[in-house]
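Notes for the structure review
This is what each chain is made of:
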Amino acid sequence: MGGSTTSSRKRQNVKSAPDVTDGKRKKANFEVLNDNDDGGTVYSDASAMTIEEIEEEKPKKAPRMPPIVVKSKIADTKSFYANLKKQVENIHFRTFNTTKQIFTYTSEDFAKIIEWLKSNTMDYYTYTLKAELCKKLVLKGLDKDLEYKEILENLQMQHSGICDVKQMHIIPKYTKSSPTESPQTDLTPQAGPSTATATHTRVKRVKIGAFVVYIKRECNTSDIIKDIRHVLDHVIAWERYNKRENPATFCGRCARWGHSSRNCNMPIRCLRTACSIKPKMSLF
């Protein structure tokens with residue numbers, strides 16, 4: 001009994017479907033599509049675009065320029081800023097105590113500011129542009145006496161993305177010896193009483209059969225590893241360049257951390273004493 005009553009109530013609540021044939025009732029709000037109509041805009045073959053073409057048409061962000069850090073003491077900062085504004089219009093500055101940072105937004109403006117600072121003998125340092133950075137691979141299996149120029153020519157013949165080659169070196173570890181036979185002590189016989197004069201000698205680096213290969217940024221390193229297997233009749237092996245071995249960048253020109261000598265225009269300092277020196281005077 002209970003089941004029959006509930007079913008009858010449901011039937012009463014159900015509304016009757018609208019009769020399309022009845023003229024008094026509203027017509028259903030739909031239309032029958034033709035066979036040639038897909039319900040949307042018709043695109044021709046010429047207007048059809050692939051996903052790659054759509055991504056290429058998207059506006060790319062301009063690469064961010066590295067800051068230029070000026071360390072020279074500037075007496076008149078207003079005239080300094082005004083002269084820089086004459087060179088480049090879209091430029092901004094930031095000051096930390098005596099250090100001034102210059103921010104540019106295009107590679108052309110960046111190059112103009114660098115040239116102006118060099119012409120005015122200003123002390124500054126900066127960083128390499130991201131577009132100029134190269135990928136690195138370690139090439140092993142070659143004779144250490146081979147010249148890097150021959151290796152570079154052979155690699156460039158096999159692949160056009162090779163930029164440069166540099167040979168790797170190691171610093172030899174000296175064994176324990178007597179104090180008079182220290183690698184930094186030079187015993188020279190002199191007239192009169194025998195005396196030992198200690199003079200600093202330059203530590204010689206030893207060449208090894210490993211080379212750092214610089215590759216263009218747009219090239220794929222995995223393709224180079226697969227394609228190049230022989231160099232100058234040597235069976236070679238490729239290894240990834242490990243950045244963790246040298247986590248910090250040290251400048252060999254001004255003996256400061258955080259940048260390289262390639263982008264430095266600071267005064268040359270001794271790597272041992274950090275004192276300002278003339279070129280080719282450092283003992284290390």
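Data block above holds the structure.
In short, a report on the structure. (Residues numbered from 1 in each chain as written. Predicted model: local features only at pLDDT ≥ 70, side-chain atom pairs only at ≥ 80, totals over all residues. Heavy atoms only, no water.)

With that settled, the discussion passes to the overall build of the protein. Check the secondary structure of the protein and you find six helices and ten strands. Split into buried and exposed, the 284 residues of the protein put 23% on the buried side. Taking all contacts inside the protein whose residues are at least 6 apart in sequence as the whole, residues at least 24 apart take part in 62%. (Helix = DSSP H or I, 4+ residues; strand = E, 2+ residues; numbered from the N terminus. Buried < 20%, exposed > 50% of the residue type's maximum accessible area, 1.4 Å probe, protein only. Contact = heavy atoms within 4.5 Å.)

At asparagine 97, a position not held by glycine, the phi torsion is positive, near 55°. Tracing the backbone through its elements, the reader meets asparagine 97 in the loop between strand E2 (92-96) and strand E3 (99-103). Judged by relative accessible area, asparagine 97 falls into the exposed class, the value being 78%. One non-glycine residue with positive phi stands out, namely threonine 121, at about 50°. The residue threonine 121 is located in the loop between helix H4 (107-119) and strand E4 (124-125) in this model.

A sheet is described by the order of its strands in space; here four strands give the open sequence E6-E7-E5-E10, paired in antiparallel fashion. Single-partner strands in this sheet number two, and they are strand E6 (162-170) and strand E10 (237-240). Averaged over all pairs of adjacent strands, the angle between their axes in this sheet comes to 35°, without regard to strand direction. The pairing of strand E5 (residues 135-140) with strand E7 (residues 206-215) spans six bridges and is classified as antiparallel. The residue bridging lysine 135 from the neighbouring strand is isoleucine 215, located in E7. (Pairing = 2+ DSSP bridges. Axes fitted to C-alpha atoms, helices over the stretch in contact; angles between N-to-C directions.)

What follows covers the sheet that holds strand E1 (residues 68-70). Strand order in this open sheet of four strands is E2-E3-E1-E4, and the pairing throughout is antiparallel. This sheet does not close on itself; its edge strands, each paired only once, are E2 and E4. Where E2 and E3 come together, five bridges link them in antiparallel fashion. Following the sheet pairing, threonine 95 is matched in E3 by lysine 100. In the packing of helix H3 (residues 77-87) onto the sheet, contacts are made with E1, E2 and E3, and the angle to E3 comes to roughly 20°.

The next point concerns the environment of valine 70. Examined against the element boundaries, valine 70 turns out to sit in strand E1. The spacing of valine 70 and threonine 126 is 56 residues in sequence and 8.8 Å in space, taken between C-alpha atoms. Valine 70 has contacts with Phe80, Thr98, Thr99, Lys100, Ile102, Leu117, Met122, Asp123 and Tyr124, leaving out every residue within four places of it along the chain.

A few words on the nonpolar core. Counting 18 residues, the largest nonpolar core has Leu139, Leu142, Ile151, Leu155, Val213 and Trp238 as the members making the most contacts within it. Secondary-structure elements contributing two or more residues to this core are E5, helix H5 (148-158), E6 and E7. Within the second largest apolar cluster, 16 residues are counted, among which are Met65, Ile113, Tyr124 and Leu129. (Core = buried A, V, L, I, M, F, W, Y, C linked by side-chain atoms within 4.5 Å.)

With that out of the way, let us pick up H4. Its 13 residues place the ends of H4 18 Å apart at the C-alpha level, agreeing with the 18 Å of an ideal helix rising 1.5 Å per residue. Taken together, the buried positions of H4 are occupied by Asp109, Phe110, Ile113, Ile114, Trp116 and Leu117. When H4 is viewed along its axis, its buried side chains cluster within an angular range of 165° and face the same direction. Opposite its buried face, H4 presents the exposed residues Glu108, Glu115 and Ser119, each directed more than 90 degrees away. Just downstream of H4 lies threonine 121, where phi reads positive at about 50°. (Expected span 1.5 Å × (residues − 1). Arc of directions from axis to C-beta.)

Here we take up the environment of phenylalanine 103. Assignment of secondary structure puts phenylalanine 103 in strand E3. Sequence separation between phenylalanine 103 and asparagine 90 is 13 residues, and the spatial gap between their C-alpha atoms is 8.9 Å. In this structure phenylalanine 103 touches Pro67, Asn90, Ile91, His92 and Arg94, once residues within four positions along its chain are discounted.

A few words now on the packing of aromatic side chains. Counted by the stated rule, this structure contains five aromatic pairs. Between the aromatic rings of phenylalanine 80 and tyrosine 81, the centroid separation amounts to 5.8 Å while the plane-to-plane angle is 50°, which identifies the pairing as tilted. On the basis of relative accessibility, which here comes to 5%, the residue phenylalanine 80 falls in the buried class. Among the residues examined, tyrosine 81 registers a relative accessible area of 21% and is labelled partly exposed. Among the aromatic residues, those joined into a ring-pair cluster are Phe80, Tyr81, Phe93 and Trp116. (Phe/Tyr/Trp six-rings, centres within 6.5 Å; stacked < 30°, edge-to-face > 60°.)

In short, shape yes, function no, at least from these values alone.
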